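Fold and contact review
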Amino acid sequence: PPLERSALRHESEANVDLTTWNKVADENSPSNPIRPGMLFSMRFSALDNFGPGDPHEGMGEVMTFRVVTRDMLVEELRRRQVEQRVELQRIADDEQTATYEVAETLNPSKATSEADTRKAAALLKALSRRQQALGSQVRSVGEAYQRILWEYENNRLIEANKVRQIESLITVPLEVLAKD
């Protein structure tokens, strides 16, 4: 939509569907202008309402996309999902190790000497910092997984309602876990 008169800020959303440019259903058809293996570049422009002269035109940065087949995209997204699962398993293993260390650590209130009390308190502080770092790592895994789900949705590989179901089973619990 055009920028309203005297508006200081304007936000808009643009949806680009590359499938509308391809007339043949077969994505590899030579008659399609956009085929797998090609690079597709896109840039947006906008006009302002500057007056009294002509409006000014602003150009966005050029965005370049690699065009891939549906199968290649699914394979790449699944590979990235597996990476996130492996990372989450590593974090879970680190958390389990930290839990064992906490169980083996002397309670500072039951220490027999001042040196033991300081040593136990320092170890618990270090474990606390490590636990906070693990929470940050869980948060970043959840965010990366969320971006993967959005790519599935944006490329119409999974329906939006199915993406919401997956989010409720994976990314929402990871967000809660990161806070804990």
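Numbering of residues starts from 1 in each chain and follows the order in which that chain's sequence is written. The predicted nature of this model means local features are confined to residues of pLDDT at least 70 and side-chain atom pairs, given and counted, to a pLDDT of 80 or more, with totals for whole chains, interfaces and linings taken over all residues. Remark: hydrogens and water are excluded; side-chain values derive from all non-hydrogen atoms of the structure.

This next bit is on a negative patch on the surface. For patches, a residue must show more than 30% relative accessible area and have no salt bridge; joins then use 9 Å for like charges and 5 Å for nonpolar side chains, namely Val, Leu, Ile, Met, Phe, Trp and Tyr. For the area figures, the Shrake-Rupley method with a 1.4 Å probe applies, and any residue is considered shielded solely by the protein chains shown. Between Lys or Arg on one side and Asp or Glu on the other, a salt bridge is scored when a side-chain nitrogen of the former is within 4 Å of a carboxyl oxygen of the latter. Under the counting rule used here, the positive set is Lys and Arg, the negative set is Asp and Glu, and His together with the chain ends is not counted. A charged residue contributes its charge at one atom only: NZ of Lys, CZ of Arg, CG of Asp or CD of Glu. Residues D26, E27, D71 and E75 make up a contiguous surface patch of negative charge. On the secondary structure map, E27 appears in the segment before β1 (39–42). Starting at the N terminus, helices and strands are each numbered in turn, a helix being any DSSP run of H or I of at least four residues and a strand any DSSP run of E of at least two.

Moving on, we get to helix α2 (residues 114–154). Multiply 1.5 Å by the residue count of a helix minus one, and that product is the helix's expected span. Between its terminal C-alpha atoms α2 stretches 60 Å, which fits the 60 Å expected from 41 residues at 1.5 Å a residue. Taken from the residues just after α2, R156 is the one with a positive phi, measuring 55°.

Only centres within 6.5 Å qualify two rings of Phe, Tyr or Trp (six-membered ring in Trp) as a pair; their planes then separate them into stacked at under 30 degrees, edge-to-face at over 60, and tilted for everything else. Per the counting criterion, the structure on display carries one aromatic pair. Between W21 and F40, the aromatic rings sit 5.6 Å apart at their centres with planes inclined by 40°, giving tilted as the arrangement. Residue W21 is located in the segment before β1, and its partner F40 is located in strand β1; the two are separated by 19 residues in the primary sequence. Take F40: its relative accessible area is 13%, and that puts it in the buried class. Here the term buried applies to any residue with accessible area under 20% of the maximum for its type, exposed to any over 50%, and partly exposed to those in between, with areas from a 1.4 Å probe on protein chains only.

So, about the side chain of Q146. Among the structural elements, Q146 can be located in helix α2. Overall, Q146 belongs to the buried group, its relative accessible area being 14%. Every residue pair with non-hydrogen atoms within 4.5 Å of one another is taken to be in contact. Other than its neighbours up to four places away in sequence, Q146 contacts E167 and T171.

The tally for this structure, following the rule as stated, stands at 11 salt bridges. Linking E153 and R164 is a salt bridge whose minimum nitrogen-to-oxygen distance equals 2.7 Å. One end of the pair, E153, is in helix α2; the other, R164, is in helix α3 (residues 160–169), with 11 residues separating them in the sequence. Given the relative accessible area of 23%, E153 is considered partly exposed. Its salt-bridge partner being E167, residue R164 comes within 3.0 Å of it at the nearest N-O pair. Of this pair, R164 and E167 both sit in helix α3, separated by three residues, roughly a single helical turn.

Quick look at the nonpolar core now. I91, L134, V138, V141, L174 and A178 form the largest nonpolar core, which has six residues in total. In terms of residue count, the dominant contributor to this core is α2 (three residues). The residues touching L174, leaving out its near neighbours within four places in the chain, are L88, V138, V141 and G142. As used in this record, nonpolar core signifies buried Ala, Val, Leu, Ile, Met, Phe, Trp, Tyr and Cys residues forming a set joined through side-chain atoms within 4.5 Å.

Before going further, it helps to spend a moment on unusual backbone geometry. The residue R156 is not glycine, and still its phi comes out positive at about 55°. Tracing the backbone shows R156 in the loop between α2 and α3.

Let us now look at the side chain of T69. Within the element layout of this structure, T69 appears in the loop between β4 (63–66) and α1 (70–104). Look at T69 and you get buried, because its relative accessible area is 14%. With sequence-adjacent residues up to four places away left out, T69 is seen in contact with E27, N28 and P36.

Attention now moves to the environment of V172. Looking at the secondary structure, you find V172 in helix α4 (residues 171–179). According to the relative accessible area criterion, V172 is partly exposed, its value standing at 44%. A C-alpha to C-alpha distance of 9.4 Å links V172 and Q146, two positions 26 residues apart in sequence.

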